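Here's the letter readout for the chains.
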Amino acid sequence: MQRSPHTPGKEALTLGDLYRGLRSQFESAGVSEPEVSARWIAAQASGGDTAQIALAPQTPMTVRMVAHADAMAARRIAGEPLQYVLGSWAFRQLDLAVDSRALIPRPETEAVAGIAVDWLVQTVRRRRLSEVTVADLGAGCGAIALSIAQEVPQARVYATDSSADALALAAANLAGVGHAASRVSLHQGSWFEALEGVHAPNDIDCSAILLRGQLHAVVSNPPYVADGEPLAPEIDDWEPREALYAGPDGLSAVREIVREARSWLAPGGLLVVEIASDQGSAVAALAEARGYERVRIERDLAGSERVLVAMRPRDEPDALELETAARRLLDGDFVVAPTDTICGVMARYADTDAVARVCEAKERPRSEPMPILVSGLAQADELVELSPAARALAEQHWPGGLTLVAKRRDGPDPLHGRETLGVRAPALGWLRWLIDDVGPVTGTSANRHGHPTPASASDAAMGLATSAGEMAVPGRVIRGQAAGGTASTVVDVTGETPIILRAGAVRAEALEIPEVSAGSGD
């Protein structure tokens, strides 16, 4: 500062003087938002709060206070973030210790925590739960985990981070939440790997069960900046790089969390993930393809799209049944299952021999093409060429009852010999999850040629077994009843203008394609 409160013959430095002097220094040094930094540092040095600068500007400053302010000012001018300079920062109802071991808690992350807290509170009230289990992945200083523990008394939070330093900072912050800290545990490791083998208490019989498949919510603020993307020096030079950067497209961490959370969440569980403001469409597509429902992108207080919110469907086949089906498909077998409308028989489209066995089981000529089920646009893009108009149709009506007939990317199909394929993303979340794991599959009805398709998957499998011998056996049937309903609408998108080949579940007016041509699809 320009003058000391104890210099003989000079008036003592006041809080207002300190603030104005700091602001002048920061303006001269080109510090961003100089007024904000000056206000916070003056308040911190004086031991008060920022309101006192306006309410009590004549408060005298001591030599110790001025020296403290000078030290903090030097760090701020050197580029260190204000939050690290101060050593603490407010986050929702908490005052957290912050330093360069973890990211600075920001307002957009408060939105993430708020969405999770609101949903958990409502879930506890609606379902009358005595406890809810939550994973906070990439916990950093513990802002999300500790907020949930404090604001949801029934929450037991498992906080993970790959950085031992970040977890040490989170551990220091546990002391600030009092009794709620007893419901937070810290686990070092990468994302869900940190929770492998971790058990959750079971109040029903006092036993313990593994967390996988039991979490009511998964919340995360992962790295989401693309490698090489320029950031402000204040961020890039000071905050931990491993908590910022995430691969060529910035989605490597988000992609892994969205993928793995599907099996860690309990049915009906919620996924909440912070993302970059330009990643909303891509991340929503990832969640759709992974079989989540109620997928949406929420905005932060600044109006930017910053939060993925998605839910694991409640009604799904048993996880073990799905795992068995996935292994069978990968081994070259086919699987019978209830699909959106009828029971279908699935084989991996990449396995030509398996698709040929489906034809045999159905007594269907190999020259007749079968529709292919994909998890979403990413898988469809690997198989067929989609024009902008075709992509727009898929984005609007997938997952659901729309089959697009498009040009096959790798020439004629090896079985039926045609240069086109019909592709569709099914409405059932568990089916998209399965397809996302094993790749595109056949989407044809589980019946022999000329026979009706039974509503029961087990009955449908037995009908195929009389034709294909030992192909349909227990473990390759996902049990259940088909829902019934209208078959998909089939649209030819090989030309400049889409043409409806078969009217079906998606009405022509919804597609804005007026003319319906004669045709059919399986």
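Shown above is the structure to which this text applies.
Overview of the structure. Since we're looking at a predicted model, the values are computed, not measured.

Focus: the overall build of the chain
Of regular secondary structure, the chain possesses 18 helices and 21 strands. If you line up the chain on its principal axes, its C-alpha atoms span 105 × 60 × 35 Å. Within the chain, the fraction of its 522 residues that count as buried is 51%. Look at the contacts in the chain between residues 6 or more apart in sequence, and 63% of them connect residues 24 or more apart. On the chain, roughly 23300 Å² of surface is accessible, and the fraction owed to carbon and sulfur atoms is 50%. The positive charge centre, built from 48 side chains, and the negative charge centre, built from 69, are 3 Å apart in the chain.

Here's the deal with the pattern of salt bridges
With the rule as written, the count across this model stands at 28 salt bridges. Salt-bridge contacts for Arg39 lead to Glu35; the nearest nitrogen and oxygen are separated by 2.6 Å. On the criterion of helical spacing, the pair formed by Arg39 and Glu35 is a turn pair, its members being 4 residues apart in helix α2 (residues 34–46). A salt bridge links Glu288 to Arg432; the nearest nitrogen and oxygen atoms lie 3.8 Å apart. You can see Glu288 sitting in helix α11 (residues 280–289) and its partner Arg432 sitting in helix α16 (residues 429–438), a full 144 residues away along the chain. Classification of Glu288 as partly exposed rests on a relative accessible area of 27%. Judged by relative accessible area, which is 2%, Arg432 ranks as buried. By sharing partners, the salt bridges in this structure join Arg259, Arg290, Asp436 and Asp437 into a single network.

Points about the sheet that holds strand β19 (residues 444–445)
Spatially, the 3 strands line up as an open sheet ordered β12-β13-β19, and their pairing is antiparallel. Each having just a single partner strand, β12 (335–338) and β19 make up the two edges of the open sheet. Pairing of strand β13 (residues 343–346) with β19 involves 2 bridges; the strand directions are antiparallel. The partner of Gly344 across the bridge, within β19, is Ser445.

Details of the pairing of strand β10 (residues 293–299)
The two faces of the sheet receive side chains in turn, since in a regular strand these alternate between them. In this structure, β10 lies alongside strand β11 (residues 305–311), joined through 5 bridges in antiparallel fashion. Counted as the bridge partner of Ile297 is Leu308 from β11. Here β10 folds back onto β11, and the loop between the two strands holds 5 residues, one of which, Gly303, carries a positive phi near 90°.

Side note on unusual backbone geometry
Omega for the peptide link from Trp398 to Pro399 comes to -10°, which places this bond in the cis form. Assignment of secondary structure puts Pro399 in the loop between α15 (388–397) and β16 (402–408). Non-glycine residue Glu33 carries a positive phi angle of around 45°. Look at Glu33 and you get exposed, because its relative accessible area is 58%. Phi at Arg128 takes a positive value of approximately 55°, unusual for a residue other than glycine.

A short note on the pairing of β11
Burial of β11 is extensive: 6 of the 7 residues sit out of reach of the surface. When strand β9 (residues 265–274) meets β11, the two strands line up antiparallel, connected through 5 bridges. By the bridge assignment for β11, Val272 is matched with Val309.

Description of the side chain of Arg290
Note on placement: Arg290 falls in the loop between α11 and β10. Classification of Arg290 by relative accessible area gives buried; the value is 6%. Among the polar contacts made by the side chain of Arg290, one reaches the main-chain carbonyl oxygen of Arg259 at a distance of 3.0 Å. Contacts of Arg290, omitting those with residues within four sequence positions, involve Val258, Arg259, Arg262, Gly429, Trp433, Asp436 and Asp437.

How each quantity is defined
- Residues numbered from 1 in each chain as written.
- Predicted model: local features only at pLDDT ≥ 70, side-chain atom pairs only at ≥ 80, totals over all residues.
- Heavy atoms only, no water.
- Helix = DSSP H or I, 4+ residues; strand = E, 2+ residues; numbered from the N terminus.
- Buried < 20%, exposed > 50% of the residue type's maximum accessible area, 1.4 Å probe, protein only.
- Contact = heavy atoms within 4.5 Å.
- Areas by Shrake-Rupley, 256 points an atom, 1.4 Å probe, with all protein chains shown as cover.
- Lys, Arg positive; Asp, Glu negative; His and termini not counted.
- Charge placed at Lys NZ, Arg CZ, Asp CG, Glu CD.
- Salt bridge = Lys/Arg side-chain N within 4 Å of Asp/Glu carboxyl O.
- Pairing = 2+ DSSP bridges.
- Polar contact = N/O pair within 3.5 Å; in protein donor to acceptor, adjacent residues only side chain to side chain.

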